[in-house]
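# Report on the structure
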Amino acid sequence: MQWLVKALKTNKGFIFFLFLMFAFRSSIADWNTVPTGSMNPTIVEGDRILVNKAAYDLRLPFTHLTLLKYADPARGDIIVFDSAVSEKRLVKRVIGLPGDSIAMRNNVLWLNGKKLGYENLAHSPLSNDREENLLGLKHAIRTKPQGSDLSSFSPVQIPAGFYLALGDNRDNSADSRVIGLVPRAEIIGRARNVVMSLDYEHYYLPRSERFFKSL
């Protein structure tokens, strides 16, 4: 025990530095590895995205306790949240805000009774890439030509304190269509940039073209 006390005294500066570093990563900014393709083509497997954990709230380090609220997620934000339902940390895009009515028919979204606009980007036998116009915010989505069980859902009215979040890879994403609406308290931050990216299919080689890419 004495050797431990001595080591702590000797290295207290380093230990304090580690505490500050982990506290910063817990409540200010961190990166998050994306292991799946649920956000393709925007985020690809192997991307490390920068998570701004102070985008909406200042939280007590190492907890979900909010000390100060700055803002609420906006439509189109890519959010990172700890899902109690899936027991995982997930990355999805905010589509519906509190008070909105959202429906989907054959991978076409209807927001508050208005059909969103789409433009084709690329087509293959396995997938279609389209640009979705989310009331002025344009971003790419991916769908299967034949659709899936996730391609349609009846209108959902979003209550206060909840958000409807979808993956950009619409037919391959366990999002609000699977886990339900996202509680505001589960959202830990916003992602707008890729920090770095490793190609899982090619010996984890870096994808330099995706370093610091805007999302």
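Not measured: the values here are computed from a predicted model. Sequence order as written defines residue numbering, which begins from 1 separately in each chain. Residues qualify for local features only when their pLDDT is at least 70, as the model is predicted, and side-chain atom pairs are given and counted only at 80 or more; totals for whole chains, interfaces and linings, by contrast, use all residues. Hydrogen atoms and water are omitted, and side-chain values are computed over all heavy atoms in the structure.

### Thoughts on the pairing of strand 12 (residues 137–143)
Only strands that DSSP links by at least two bridges are regarded as paired with each other. The helix and strand labels rest on DSSP assignments: H or I over at least four residues marks a helix, E over at least two residues marks a strand, and numbering proceeds from the N terminus. Relative to strand 12, strand 11 (residues 128–134) runs antiparallel, the two being bridged by seven bridges. Bridging across to strand 12, Glu-131 finds its partner in Ala-140. Between strand 11 and strand 12, which follow one another and run antiparallel, lie two residues, and Leu-135 among them has a positive phi close to 55°.

### A word on the sheet that holds strand 12
Overall, antiparallel pairing links the three strands, which are arranged 10-11-12 in an open sheet. Edge positions in the sheet fall to strand 10 (117–123) and strand 12, since each of these pairs with one other strand and no more. Direction aside, neighbouring strands of the sheet carry axes that sit 25° apart on average. The pairing of strand 10 with strand 11 spans six bridges and is antiparallel. Within strand 11, the residue paired with Tyr-118 across the bridge is Glu-132. Axis angles are defined between N-to-C directions and span 0 to 180 degrees, where every axis is a line fitted to C-alpha atoms and, for a helix, only to the segment in contact.

### Notes on the pattern of salt bridges
By convention in these notes, a salt bridge is any Lys or Arg side-chain nitrogen within 4 Å of a carboxyl oxygen on Asp or Glu. Scanning all chains against the criterion turns up 13 salt bridges. Ionic pairing is found between Arg-59 and Asp-57, a salt bridge with its closest N-O pair at 3.7 Å. With a relative accessible area of 5%, Arg-59 lands in the buried category. The network of salt bridges with common partners includes Asp-57, Arg-59, Lys-69, Asp-72 and Arg-184. Exposure classes here rest on a 1.4 Å probe applied to the protein chains alone. A residue is buried below 20% of its type maximum, exposed above 50%, and partly exposed in between.

### A look at the packing of aromatic side chains
Here is the rule: rings of Phe, Tyr and Trp (six-membered ring for Trp) pair when centre to centre is within 6.5 Å. Planes less than 30 degrees apart are stacked, more than 60 are edge-to-face, and the remainder are tilted. Inspection of the entire model under this criterion finds two aromatic pairs. Taking 6.5 Å as the distance between ring centres and 85° as the angle between the ring planes, the aromatic pair formed by Phe-211 and Phe-212 counts as edge-to-face. For Phe-212, a relative accessible area of 64% gives the class exposed. Charge over a ring is defined by NZ of Lys or CZ of Arg lying within 6 Å of the ring centre and within 35 degrees of the ring normal. A cation over a ring is seen here: Arg-130 above Tyr-118, with NZ or CZ 4.5 Å from the ring centre.

### Observations regarding the environment of Ser-83
Relative to the helices and strands, Ser-83 resides in strand 5 (residues 78–83). Separated by 97 residues in sequence, Ser-83 and Gly-180 place their C-alpha atoms 9.9 Å apart. When sequence neighbours within four positions are dropped, the list of residues in contact with Ser-83 reads Lys-88, Leu-90, Ile-179 and Glu-186. In what follows, a contact means two residues having at least one pair of non-hydrogen atoms within 4.5 Å.

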